[in-house]
Amino acid sequence: LFVALKGLLSAMGSQVPDAFICPITAEIMADPVSTSDGFTYEREAIQEWLTNHNTSPLSGEPLARSEVVPNHALRSSIEHFVDALPEIKQQVYQPRGSLHLREVISEQRWAAAPTAAAVTDDAVPMGLPVDSDSSPALSPSGGVVEGTAATLLVSSSIADVATSTGLTPDDMEVSNRLVTRAWKGLKPQAEHKSAPSGFFGRFTKPAGIQSPGLHADVNAFHAYRGEHGGMCLEVEVKTDAGLMHIAQRLAASGTEEVEGLRLTTQDGFGDGTSSNVVHTESTGFRLLLRALSVQGGSSSLRRLRSLSISKLACQGDGAVAIALALAGHPTLQALELWNVQLQDEGALAIAQMAAKDGGTNFALGKLNLGRNLISGYAKDLITQMIDTNRVEVSMF
């Protein structure tokens with residue numbers, strides 16, 4: 001039965017996204033859960049694996065902890081997908097017990113932990129499995145061949161906080177003091193010095209404005225009504241305290257809905273610049289990620305359509321955390337990480353959101369990863385990964 005199901009799903013590969021299929025059972029997941037390294041499996045299957053292993057089935061690396069976290073966003077996507085294709089409902093995993101799962105696990109070859117000798121300075125970009133014989137392969141259709149697909153490796157607490165919990169009770173208790181029922185009320189319209197620049201244009205700072213009620217380290221703030229009825233915010237912060245202030249307003253229960261958010265820092269990179277204190281591991285950014293999280297995030301961001309982040313340090317773990325927090329977001333149409341020191345690992349994680357196979361964000365139509373530190377090889381791989389018929393992508 002296992003072989004027959006695996007063959008059937010293989011034949012349907014162009015129809016069923018890879019992300020919906022459990023790596024252990026090779027069936028569509030009914031109850032997807034994620035391990036501490038970010039991979040997702042059918043709950044019953046990975047729990048059976050963990051009774052005899054403390055490593056990842058896919059990477060061979062030791063797991064930081066044995067607990068698993070429900071992947072609600074993926075489960076919702078699978079349910080919608082199956083509802084739209086009733087003929088595949090019978091292929092969704094059904095519980096079969098430990099004996100069957102032990103047999104399935106024993107029949108397959110699983111990853112072993114990499115040795116120190118296997119790690120070299122010229123290894124493939126982080127986020128890709130290391131293949132000692134060749135670089136990651138691309139299929140003729142442009143997808144990544146099975147076994148070499150870019151994967152979201154989550155290794156830091158920032159990713160865990162952003163994706164597993166959403167906003168905490170403590171977050172809400174503090175943030176609700178800054179509930180913002182009208183964003184425009186923070187700055188009188190008479191003080192607008194420039195027209196809305198529109199998303200993915202460069203931020204134009206209204207000179208000399210200090211918005212009433214905003215933290216002193218919110219250097220510039222611009223709010224206007226978007227075409228879908230929600231508010232669009234353009235925010236420039238000078239310190240993490242300024243970012244924390246904006247994140248708390250966004251997190252607060254009852255805050256006016258936001259459909260577009262552009263966040264930038266006062267200046268660029270280097271000694272003495274704000275990027276040294278405003279980055280993806282800062283306290284303010286962690287709160288923003290929890291507010292953005294599809295599962296347990298802020299109600300003010302549930303219909304977010306456009307997100308732009310520029311001129312703050314957003315390297316590997318931070319980019320992975322952003323991708324995981326936004327995975328499955330039903331309305332996000334445009335995402336920009338511009339001039340944020342993004343490297344290969346982070347770029348591949350973000351690109352997975354718009355991938356042809358296993359993409360997590362089906363509404364996403366525009367992706368800008370320009371002015372970053374992405375290698376030519378990773379750019380080529382990303383171009384092959386992304387569904388360019390659906391998504392407009394820029395990396396320059």
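Residue numbers restart at each chain and count upward from 1, following the sequence in its written direction. pLDDT decides what is reported in this predicted model: residues at 70 or higher carry local features, side-chain atom pairs at 80 or more are listed and counted, and totals for whole chains, interfaces and linings draw on all residues regardless. The side-chain values count all of the structure's non-hydrogen atoms but skip hydrogen atoms and water molecules.

Caption draft 1: Representation of the sheet that holds strand β7 (residues 306-310) in the model. Two strands form a pair only when DSSP identifies at least two bridges running between them. Secondary structure elements follow DSSP: runs of H or I of four or more residues count as helices, runs of E of two or more count as strands, with numbering from the N terminus. An order of β4-β5-β6-β7-β8-β9-β10 is seen for the seven strands of this open sheet, with the pairing classed as mixed. Either end of the sheet is taken by a strand with one partner, and the two such strands are β4 (218-225) and β10 (392-394). Taken over all neighbouring pairs, the strand axes of this sheet differ in orientation by 5° on average, direction set aside. Bridge count between β7 and strand β8 (residues 334-338): five bridges; the pairing is parallel. Counted as the bridge partner of L307 is L335 from β8. What counts as an axis is a line fitted to C-alpha atoms, over the stretch in contact for a helix, and the angles between N-to-C directions run from 0 to 180 degrees.

Caption draft 2: Region of interest: helix α4 (residues 98-106). Think of it in three bands: residues with accessible area under 20% of the maximum for their type are buried, residues over 50% are exposed, and the middle band is partly exposed, with areas taken using a 1.4 Å probe on protein chains only. Listed in full, the buried residues belonging to α4 are L101, V104 and I105. Buried residues along α4 cover an arc of 95° about the axis, so they all sit on one side. Away from its buried face, by an angle of more than 90 degrees, α4 presents the exposed residues L99 and S106. Note that the arc is computed from the directions linking the helix axis to the C-beta atoms.

Caption draft 3: The sheet that holds strand β3 (residues 69-70), seen in detail. Pairing in this open sheet of three strands is antiparallel, and the strands run β2-β1-β3 from one edge to the other. The two strands at the open ends of the sheet, each matched to only one other strand, are β2 (40-42) and β3. Looking at chain direction, strand β1 (residues 32-34) and β2 are connected through three bridges and run antiparallel. Looking at β2, one finds that V33 is bridged to Y41. By definition, residues are in contact when any of their heavy atoms lie within 4.5 Å. Along the sheet, helix α2 (residues 43-50) makes contact with β1, β2 and β3, crossing β2 at roughly 100°.

Caption draft 4: Representation of the side chain of N219 within the structure. As for its placement among the helices and strands, N219 is situated in strand β4. At 2.7 Å, the side chain of N219 and the side chain of E236 are in polar contact. Distance and chemistry together define a polar contact, namely a pair of N or O atoms within 3.5 Å, with one atom able to donate a hydrogen and the other to accept it when in protein, and with adjacent residues in sequence counting only for side-chain atoms on both sides.

Caption draft 5: Examining unusual backbone geometry more closely. Positive phi is not limited to glycine here, since N339 has a value of about 55°. The buried category is assigned to N339, whose relative accessible area is 13%. The residue Q341 is not glycine, and still its phi comes out positive at about 65°. Classification of Q341 as partly exposed rests on a relative accessible area of 24%.

Caption draft 6: Up close: the packing of helix α7 (residues 240-251) against helix α8 (residues 283-292). Contact geometry of α7 with α8 gives a least axis separation of 7 Å together with a crossing angle of 20°. With respect to α8, the axis of α7 lies roughly parallel. Read as a crossing pair, α7 and α8 show a hand that is left-handed. Contact with α7, carried on its side by D240, L243, M244, A247, Q248, L250 and A251, involves T283, G284, F285, L287, L288 and A291 of α8 and no other residues of that element. Classifying every residue of the contact of α7 with α8 gives nine nonpolar, three polar and one charged. An angle below 35 degrees is read as roughly parallel, one above 145 as roughly antiparallel, one from 65 to 115 as roughly perpendicular, and any other as oblique. In this scheme the crossing of two helices becomes right-handed for a clockwise turn of the near helix relative to the far one and left-handed for an anticlockwise turn of less than a right angle. Residue polarity follows a fixed list, in which Ala, Val, Leu, Ile, Met, Phe, Trp, Tyr, Cys and Pro are nonpolar, Asp, Glu, Lys and Arg are charged, and the others, Gly among them, are polar.

Caption draft 7: Geometry of the packing of α2 against α4. Contact pair α2 / α4: the axes reach a minimum separation of 10 Å and the direction vectors enclose 75°. What the angle tells us is that α2 and α4 run roughly perpendicular. Between α2 and α4, the contacting residues are E44, A45, E48 and W49 on the first element and S98, L101, R102 and I105 on the second. Here the contact of α2 with α4 is composed, by residue class, of four nonpolar, one polar and three charged.

Caption draft 8: Region of the structure containing the side chain of T180. Examined against the element boundaries, T180 turns out to sit in the loop between α6 (169-175) and β4. By relative accessible area, which is 2% here, T180 ends up buried. When near neighbours in sequence (up to four residues on either side) are disregarded, T180 contacts L186, R249, G254, T255 and E256.

Caption draft 9: Examining helix α11 (residues 376-385) more closely. Listed in full, the buried residues belonging to α11 are A378, K379, L381, I382 and M385. Down the axis of α11, the smallest arc covering the buried residues is 165°, so these residues share one side.

Caption draft 10: Focus on the pattern of salt bridges. Salt bridges are identified by distance alone: a Lys or Arg side-chain nitrogen within 4 Å of an Asp or Glu carboxyl oxygen. Tallying each qualifying case throughout the model produces 11 salt bridges. The salt bridge partner of D31 is R43, with a shortest N-O separation of 2.7 Å. In this pair, D31 is assigned in the loop between α1 (2-11) and β1 and R43 in helix α2, connecting sequence segments 12 residues apart. The class for R43 is partly exposed, based on a relative accessible area of 25%. Here R225 and E256 are joined by a salt bridge, their closest N and O atoms 3.1 Å apart. Taken together, the positions of R225 in strand β4 and E256 in the loop between α7 and β6 (258-265) put the pair 31 residues apart, joining distant regions of the chain. For E256, a relative accessible area of 16% translates into the label buried.

Caption draft 11: Spotlight on the pairing of β4. Of all eight residues making up β4, seven are buried, and the element is well covered by its neighbours. In terms of strand pairing, β4 meets strand β5 (residues 231-237) through seven bridges, oriented antiparallel. For A223, the partnering residue across the bridge sits in β5 and is L233. Connecting β4 to the antiparallel partner β5 that follows it, the hairpin turn spans five residues, and G229 within it adopts a positive phi of roughly 100°.

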